[in-house]
Amino acid sequence: MHIPDGFISMDVAVATVAASAATVALSIKKIKNSTSENTVPEMGIMAAFVFAAQMVNFPVAGGTSGHLVGGALLSILFGPFRACIIMTTILISQALLFADGGITALGANILNMGIVAPFSAYLIYKFLKNRKLKLAIFLASWISIVLSAIFCAFELALSGTIPLKVALPAMTSIHALIGIGEGLITVPLVTGILKYHGAPTEGIS
């Protein structure tokens, strides 16, 4: 889902940078006075884990592969605002150090994976967690991936890179499968952390 350079127009790049920058600034403001000393190293550990986990691909179908995005995992553990900061840091590092995602597409990638994914996942998780915890975690993970893919498809279509009628079904179908992998990975991670460590922050409640 990392969009490379040359795939989005300047208009879309500017719009997504503006939207992402505003959301990241709001997230920083939200967590500035509510993040304890114990939370910071926990966020760092999970950032390193997600960074590394995104480099490990799993087979999906037709020769394609996917990897953990981590937006749902981070938002369930730390809340959506902290997750946004962590994901933004990861995506900037990947773009600058490994050219994984283009510099001009950084705003779009942050919007898709650092904002849409964690915020949508957190809302779904909060709504369903009192019914069935594992189902809530799985659906939050799956839906967040599909929604991120839909945003990506619209960005590519608005840029004139590929028609929406092609991009939307292609992106949603493959990421619906990738989302299953995301859910299967996220459920045991979250439940395991809860069981052996307890809630790392007030984000998971």
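Structure: see above.
Reading guide: rules and limits
Residues numbered from 1 in each chain as written. Predicted model: local features only at pLDDT ≥ 70, side-chain atom pairs only at ≥ 80, totals over all residues. Heavy atoms only, no water. Core = buried A, V, L, I, M, F, W, Y, C linked by side-chain atoms within 4.5 Å. Buried < 20%, exposed > 50% of the residue type's maximum accessible area, 1.4 Å probe, protein only. Helix = DSSP H or I, 4+ residues; strand = E, 2+ residues; numbered from the N terminus. Contact = heavy atoms within 4.5 Å. Axes fitted to C-alpha atoms, helices over the stretch in contact; angles between N-to-C directions. Parallel < 35°, antiparallel > 145°, perpendicular 65-115°, else oblique. Left-handed = near helix turned anticlockwise from the far one by under 90°. Expected span 1.5 Å × (residues − 1). Bend = angle between axes of the 7 residues up to and from the residue. Patch = residues over 30% accessible without salt bridge, like charges linked within 9 Å, V, L, I, M, F, W, Y side chains within 5 Å. Areas by Shrake-Rupley, 256 points an atom, 1.4 Å probe, with all protein chains shown as cover. Salt bridge = Lys/Arg side-chain N within 4 Å of Asp/Glu carboxyl O. Nonpolar A, V, L, I, M, F, W, Y, C, P; charged D, E, K, R; others polar.

As a further point, take the nonpolar core. Of all hydrophobic cores here, the largest spans 53 residues; its most connected members are Ile-3, Ile-8, Leu-74, Phe-78, Ile-86, Met-87 and Ile-90. Breaking this core down by element, the ones donating at least two residues are α1 (10–31), α2 (39–53), α3 (71–78), α4 (80–98), α5 (106–128), α6 (133–158) and α7 (164–196). Per element, the largest residue contribution to this core is 11 residues, and it comes from α5. Contact partners of Ile-86, with chain neighbours within four places excluded, come to Met-43, Ala-47, Leu-74 and Phe-78.

Looking now at the packing of α2 against α4. Relative to each other, α2 and α4 sit at 45°, their axes nearing to 10 Å. On the basis of the axis angle, α2 is oblique to α4. Pair α2 / α4 crosses with right-handed handedness. Packed against α2, whose contacting residues are Thr-39, Met-43, Ala-47, Val-50 and Phe-51, the element α4 presents Arg-82, Ile-86, Met-87, Ile-90, Ser-93, Gln-94 and Phe-98 at the interface.

Before going further, it helps to spend a moment on α7. For α7, which comprises 33 residues, the first-to-last C-alpha distance of 45 Å matches the rise-based estimate of 48 Å (1.5 Å per residue) to within 8%. Taking the largest bend as the criterion, α7 deviates by roughly 30°, centred on Ala-176. Of all the residues in α7, the buried ones are Ala-167, Met-171, His-175, Ile-178, Gly-179, Gly-181, Glu-182, Gly-183, Thr-186, Val-187, Val-190 and Ile-193.

Together, Met-55, Val-56, Ile-92, Leu-96, Leu-97, Phe-98 and Ile-103 line one region of the surface with nonpolar side chains, adding up to about 720 Å² of accessible area. By the element assignment, Val-56 lies in the loop between α2 and β1 (57–59).

Time to look at the packing of α6 against α7. The contact between α6 and α7 brings their axes to 6 Å, and the two run at 150°. Classified by the interaxial angle, the pair formed by α6 and α7 is roughly antiparallel. Remark: the crossing between α6 and α7 carries right-handed chirality. When the residues that make up the contact of α6 with α7 are grouped by side-chain class, the tally is 23 nonpolar, 7 polar and 2 charged.

What follows deals with the side chain of Ser-144. Relative to the elements of secondary structure, Ser-144 occurs in helix α6. Given the relative accessible area of 1%, Ser-144 is considered buried. When sequence neighbours within four positions are dropped, the list of residues in contact with Ser-144 reads Ala-72, Ala-117, Ser-120, Ala-121 and Leu-139.

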